[in-house]
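# Residue-level structure breakdown
The chain contents come next:
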Amino acid sequence: MERMQDMTQNKNPSTPVIEAVGLHKSYGTLEVLKGLDLSLERGEVVALIGPSGSGKSTFIRCLNMMEIPTGGTIRFRQKAVSERFHDKGEELGIGTLRRHVGMVFQHFNLFPHKTVLQNVTEGPTVVCKRPKREAEELAMDLLAQVGLAEKHATYPNHLSGGQKQRVAIARALAMEPEVLLLDEVTSALDPELVGEVLAVIRGLADKGMTMAIVTHEMAFAADVASRVLFLDKGVIAETGTAEEVILNPQNPRLQGFVARFK
Ligand code: ADP
Ligand code: MG
């Protein structure tokens, strides 16, 4: 336990962008998160792995307060986030947190009646009130970044799963997030489409995007993440470098888990 806490501490005193402190989440009598701590520094990429039902989705949904924690604190830019929507005094509101912490899901959730370009400009124009022209320029840059500029006028149902997911990533990036949360973004894809999405995420990591990535792609997690967290039954059961957690696991449940994905 002591060792685990040591390893979750920052090794150097650089400032965290987002933190979870003693995070708890229960649904009725079901306690899903049992006191989790995480501190993400700017440019850091962490991977969250763990069995189905261990609380991975709940955890990252609590990080941007899409789910309201039942205990503990989320801190963003070193300020506590309250349950209020707007900032008040020293406390940030949920609105500010969500505005700067983007999220991409397993099921892309694109607007089916909007084109690729309109999907990507929706957030900046509606939420951020950016001028349409400016939002479109940004969107086209992002679509080029994910390799889909030529699909800008296409509707989502004409795209492959991998292309839809790349649009979803561009849409999240259009909000110019400081942190990006990715929840099993390749789990719904045909195996041959996984690589193109992982390549986009790899590119974001190389550009210094701060990310928390829930994934079952062990090789990818080992490659992209500076730190890997193993969630089991609502606690962080092991944390360390990819080498420690994925390549040389100590915890017996983790050994079993990792072996299944080899
Ligand atoms: P994972 O992403 O690791 O598979 P989840 O965070 O989705 O795990 O779920 C963890 C546990 O919380 C599961 O037992 C799940 O059934 C339960 N759970 C998740 N969301 C809800 C909800 N909205 N209401 C009730 N139980 C939930
Ligand atoms: Mg999940």
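Residues numbered from 1 in each chain as written. Chains lettered and ligands numbered in written order. Predicted model: local features only at pLDDT ≥ 70, side-chain atom pairs only at ≥ 80, totals over all residues.

Secondary structure assignment for the chain yields ten helices and ten strands. Expected size for 262 residues packed as a compact globule is a radius of gyration near 18 Å; at 18 Å, the chain falls within 12% of this value. Considered along the principal axes of its C-alpha atoms, the chain spans approximately 55 × 50 × 40 Å. Counting every position in the chain, which comprises 262 residues, the buried fraction comes to 41%. (Helix = DSSP H or I, 4+ residues; strand = E, 2+ residues; numbered from the N terminus. Rg over C-alpha atoms; globule rule 2.2 N^0.38 Å. Buried ≥ 20, exposed ≤ 12 C-beta atoms within 10 Å, placed from the backbone.)

Take the UniProt feature "domain: ABC transporter" (unreviewed entry) in the chain next. In the numbering used here, UniProt assigns the feature "domain: ABC transporter" (unreviewed entry) to residues 18-258. Summarising residues 18-258: 37% helix, 25% strand, and an end-to-end C-alpha distance of 27 Å. (UniProt positions renumbered as here; feature names shortened; annotations may be inferred.)

A word on helix α5 (residues 132-145). The end-to-end C-alpha distance of α5 is 20 Å, a good match for the 20 Å that 14 residues give at a rise of 1.5 Å each. Those residues of α5 not exposed but buried are Ala-135, Ala-139, Leu-142 and Leu-143. Seen end-on, α5 carries its buried residues on one side only, within an arc spanning 100°. Buried residues along α5 sit in contact with α4 (116-127) and α6 (161-173). One or two steps after α5, the chain reaches Gly-147, where phi turns positive at roughly 75°. (Expected span 1.5 Å × (residues − 1). Arc of directions from axis to C-beta. Contact = placed C-beta atoms within 7 Å.)

Our focus in this paragraph is the sheet that holds strand β1 (residues 16-27). Judged by pairing direction, the sheet is antiparallel, and its four strands sit side by side in the order β2-β1-β4-β5 without closing on themselves. At either end of the open sheet lies a strand with only one pairing partner, and these are β2 (30-41) and β5 (79-80). Pairing of strand β4 (residues 71-76) with β5 involves two bridges; the strand directions are antiparallel. Of the residues in β5, the one forming a bridge with Arg-75 is Ala-80. Contacting β1, β2 and β4, helix α2 (residues 56-63) crosses the sheet at an angle of about 125° to β1. (Pairing = 2+ DSSP bridges. Axes fitted to C-alpha atoms, helices over the stretch in contact; angles between N-to-C directions.)

Relative orientation of the contacting elements α4 and α6 amounts to 30°, with a least axis distance of 7 Å. Between α4 and α6, the angle falls in the class roughly parallel. Pair α4 / α6 crosses with right-handed handedness. Taken together, the residues of α6 that come into contact with α4 (itself represented by Val-116, Asn-119, Val-120 and Gly-123) are Val-167, Ala-170 and Arg-171. (Parallel < 35°, antiparallel > 145°, perpendicular 65-115°, else oblique. Left-handed = near helix turned anticlockwise from the far one by under 90°.)

Another aspect to go through is the site of ligand 1. As a structural note, the neighbourhood of ligand 1 is formed by Tyr-27, Leu-30, Val-32, Gly-50, Ser-52, Gly-53, Ser-54, Gly-55, Lys-56, Ser-57 and Thr-58. For the shell around ligand 1, the secondary-structure elements that each account for two or more residues are β2 and α2. Looking at the shell around ligand 1, the element that brings in the most residues is α2, giving three residues. Across the shell around ligand 1, the residue classes break down as three nonpolar, seven polar and one charged. (Near = placed C-beta within 6 Å. Nonpolar A, V, L, I, M, F, W, Y, C, P; charged D, E, K, R; others polar.)

What follows is about the sheet that holds strand β7 (residues 179-183). Judged by pairing direction, the sheet is mixed, and its six strands sit side by side in the order β6-β7-β8-β3-β9-β10 without closing on themselves. The outermost strands of the open sheet, each flanked by one partner alone, are β6 (101-104) and β10 (235-240). Between one strand axis and the next, the sheet turns by 20° as a mean value, whatever way the strands run. Judged from the four bridges that link them, strand β3 (residues 45-49) and strand β9 (residues 227-232) form a sheet pairing that is parallel. Counterpart to Leu-48 in the pairing with β9 is Leu-229.

Turning our attention to the pairing of β7. With five of its five residues buried, β7 lies for the most part within the structure. Where β7 lies against strand β8 (residues 210-214), five bridges are found, and the strand directions are parallel. Directly across from Leu-181, in β8, lies its bridge partner Ala-212. Since β7 and β8 lie parallel, the crossover through helix α7 (residues 191-206) that links them has a hand, and here it is right-handed. (Right-handed = clockwise from strand over helix to strand, strands pointing away.)

Our next topic: unusual backbone geometry. Positive phi is not limited to glycine here, since Arg-77 has a value of about 50°. Looking at the element boundaries, Arg-77 is found in the loop between β4 and β5. Judged by C-beta crowding, with 15 C-beta atoms within 10 Å, Arg-77 ranks as partly exposed. Backbone geometry places Glu-176, a non-glycine residue, at a positive phi of 50°. Examined against the element boundaries, Glu-176 turns out to sit in the loop between α6 and β7. For Glu-176, a count of 14 C-beta atoms within 10 Å translates into the label partly exposed.

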